[in-house]
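Summary of structural features
Listed below are the residues making up each chain.
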Amino acid sequence: MEETENKPQRASRRKFPRSNVERSKDFRKRKKKFLEDKLNQVEILEREAKSLREENSCLKEQVKELTNQLKNKGIKVPKKEFDHPLHEYEDYLYNQLAKKFQSNPDEVRFSTFEQVTEHTSDWRIDYLKTCFKNILDNITSIESKCYFSSVKEMSVTQWVTKKRAKKRQIKYTKKIGEEIAPKEVYSNTGVSDGVIDFMEKNKKAFSNFKKQIKSIVQNLIKERNKLLNFLYCAKEFMENSDYAKVYKKQDIANRFEVVAQLKNTDFLTPHYLFDIPKKPKTTLKYQDYELTE
């Protein structure tokens, strides 16, 4: 009995580290769960965003309806709607803040003027980006853009030859979550003989149209980048300069006075500022730097 009690216990089995297969399996499980959680979050956020958009649209309609009711009753409704924060900051800077400077300059801190000016500069860059994006998005019709994407790597002559062959196109079955390439979409779309004849007859014009649009877009982007880089450099220069030490409140008040006298005049139009000639109303096409009023 004593020998049994004094007998050394058997050592437990040594635990070896898990194999690479097990670790990979666990990793895949964690990854799958992570992706599922993120997809659920995206779905929830998309529903919330949709609900907020619908609520925002409903509120806008209500505001519009109430505004019309007030107008019908002869009540003047102040208009303070801004399509971009840039215009809101400019309104505050050159209207509200300017009036405070005129009434009592001592109540306005120089830091307030400096912050609003910096924000206006930042929003101007953002607004210009938005404007250029709108130009590029609307530079041609959605139908033309679909055509350009479909024949991006194909000439008009090749397109006509392919359609002339009239080979039976294998219909492409779209799988769930899969996008069809523009080339496949265009290949699977039927075209009448009249359209093919028209494209063949005017293939030079269509080719030039595609090249010109591409060239115009690239040049616009070059000029956009040139303008934005100029504004970034100007902003950096002002931030690193000592203008805050030089400018006094009276200088700011004088600037506001100049803006108040000139902001609604023809002296701030592109024609006067940058020597841009006005386009004659008798012609439809523009020449060089001509610009309508």
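Structure's up top.
Attention in this report is confined to the structure presented alongside it. If you're wondering where the values come from, they're calculated on a predicted model, not measured in any experiment.

1. Observations regarding the side chain of Lys235
Locating Lys235 in the fold gives a position in helix α9 (residues 203–240). Setting aside anything within four residues of it in sequence, one finds Lys235 in contact with Ser121, Asp122 and Ile125.

2. A look at unusual backbone geometry
Positive phi values are uncommon outside glycine, yet Asp275 reaches one of about 55 degrees. Within the fold, Asp275 resides in the segment after α12 (270–273). Asp275 gets classed as exposed once you look at its relative accessible area, which sits at 65%. Here Asp288, not a glycine, exhibits a phi torsion of approximately 50 degrees, which is positive. Looking at where Asp288 falls in the secondary structure, it is placed in the segment after α12.

3. Some thoughts on helix α5 (residues 142–150)
Every buried residue of α5 is listed here: Ser144, Tyr147, Phe148 and Ser150. Projected onto a plane normal to the axis of α5, the buried residues spread over an arc of 165 degrees and lie on a single side.

4. What to know about the environment of Lys129
Considering the arrangement of structural elements, one finds Lys129 in helix α4 (residues 110–137). Considering only alpha carbons, one finds Lys129 and Leu228, 99 residues apart in sequence, at a separation of 8.4 Å. Ignoring any residue separated from it by four or fewer positions in sequence, one finds Lys129 in contact with Arg224, Leu228 and Tyr232. Reaching out from Lys129, the side chain makes a polar contact with the side chain of Tyr232 at a distance of 3.3 Å.

Each value, and the rule that gives it
Residues numbered from 1 in each chain as written. Predicted model: local features only at pLDDT ≥ 70, side-chain atom pairs only at ≥ 80, totals over all residues. Heavy atoms only, no water. Helix = DSSP H or I, 4+ residues; strand = E, 2+ residues; numbered from the N terminus. Contact = heavy atoms within 4.5 Å. Buried < 20%, exposed > 50% of the residue type's maximum accessible area, 1.4 Å probe, protein only. Arc of directions from axis to C-beta. Polar contact = N/O pair within 3.5 Å; in protein donor to acceptor, adjacent residues only side chain to side chain.

Interpretation in functional terms is not warranted from these geometric data alone.
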